[in-house]
Amino acid sequence: MHFSDFIIPAIIIVLLIMFVKCIKIVPQAHVFVIERLGSFYSEWQTGMHFMWPFIYRVAGKVSLKERVVDFKPQPVITKDNVTMQIDTVVFYQITNPKQYIYGVERPIAAIENLSATTLRNIIGEMELDATLTSRDVINTKITAILDQATDRWGIKVNRVELKNILPPREIQDAMEKQMKAERERREKILQAEGDKKSQVLVAEGEKESQILRAQAKKEAQILEAEAQKQAMILRADAVREQKILEATGEAQAIELVQQALAESLIKLNNAAPTDKVIQLKSLEAFTKAADGKATKIIIPSEIQGLAGLAAGLKGIVENDTEKPAQ
């Protein structure tokens, strides 16, 4: 075999390898910065591209995804001369690959140094208490300053967060004591408020119970008075009915007597009595009248003779009875 038999296949293989290397595939959310003869040429987006060898080269592969960088704690001094350790977390995204490749040499280190200096400037204008309670304000200020400063580097700072704020140990001890005292104070206040509410509820309960007892007593008195009233009404009704019955009975008795008297007169009239009988009946009626409680008796003239006769007869009888005694 001649040497030329190996040269041709080798050249073909080399050309195939070079051809394959000239084909560039840009992944999703990535951008390739391309230079031609050492100067910026273009930005290749997602897809397949062909690049001539020795003339074009890839100056940088840039990811467009949002990135997170956690920086080490930085010592900062507050306005009241308290030294603290604060570490930050930066969320950023590359928006201009060309400026990112050619704008700054070490972009991450640049962002770290810029965030540290910015944080010192902001914390230096605040006191310790304000620093511990103003995380949102500090985050907003750092984000705005970093975003403005990194704009010329093709970087967009979306958010900056203070991860940890570590004051000195003695400050932490004092804060813990203060927090403990504050919790005890709140506990005492809550306990006092609870006791107050409890006493108020007890007083209200006693008041309501007294009111209910008074109302019950009043209602009982009202019911008792109504019962007595009803009883008096019933007794009055009973007395009235009793009197009505008595009066009715007396009226009926008088009516019966009058009826009997009338009947007796009718019978007497039917019997045609003589004058002697009439005088005798008059005497009996006078006798009954004399037995009453009346203090004065008017004697009709018709029976005066009979009365004298009766007195004479009485005298004769008395004389007869006295003689044997002598």
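Coordinates for the structure precede this section.
The rules behind these values
- Residues numbered from 1 in each chain as written.
- Predicted model: local features only at pLDDT ≥ 70, side-chain atom pairs only at ≥ 80, totals over all residues.
- Heavy atoms only, no water.
- Helix = DSSP H or I, 4+ residues; strand = E, 2+ residues; numbered from the N terminus.
- Buried < 20%, exposed > 50% of the residue type's maximum accessible area, 1.4 Å probe, protein only.
- Contact = heavy atoms within 4.5 Å.
- Areas by Shrake-Rupley, 256 points an atom, 1.4 Å probe, with all protein chains shown as cover.
- Pairing = 2+ DSSP bridges.
- Axes fitted to C-alpha atoms, helices over the stretch in contact; angles between N-to-C directions.

(A) Fine view of the overall build of the chain. Each helix and strand in the chain was counted, giving eight helices and nine strands. The proportion of buried residues among the 326 residues of the chain is 19%. For the chain, restricting intrachain contacts to residue pairs at least 6 apart in sequence, the fraction spanning at least 24 positions comes to 62%. As displayed, the chain has an accessible area near 24,500 Å², and 59% of this comes from carbon and sulfur atoms.

(B) Region of the structure containing the sheet that holds strand E2 (residues 30–36). The strand order across the open sheet formed by three strands is E3-E2-E5, and the pairing between neighbours is antiparallel. Both outer strands of the open sheet, strand E3 (39–44) and strand E5 (56–63), are each paired with one neighbouring strand and no more. Averaged over all pairs of adjacent strands, the angle between strand axes in this sheet comes to 25°, irrespective of strand direction. The pairing of E2 with E5 spans seven bridges and is antiparallel. Each bridged residue has a counterpart across the sheet, and for His30 the counterpart in E5 is Ser63.

(C) Just unusual backbone geometry, in detail. If you check the backbone angles, Leu37 has positive phi at about 55° while not being a glycine. Mapping Leu37 onto the fold places it in the loop between E2 and E3. Residue classification places Leu37 among the exposed residues on the basis of a relative accessible area of 69%. Located in the positive-phi region is Asn81, a residue other than glycine, with phi close to 65°. In this fold, Asn81 is placed in the loop between strand E7 (74–77) and strand E8 (83–94).

None of this, on its own, says anything about what the molecule does.
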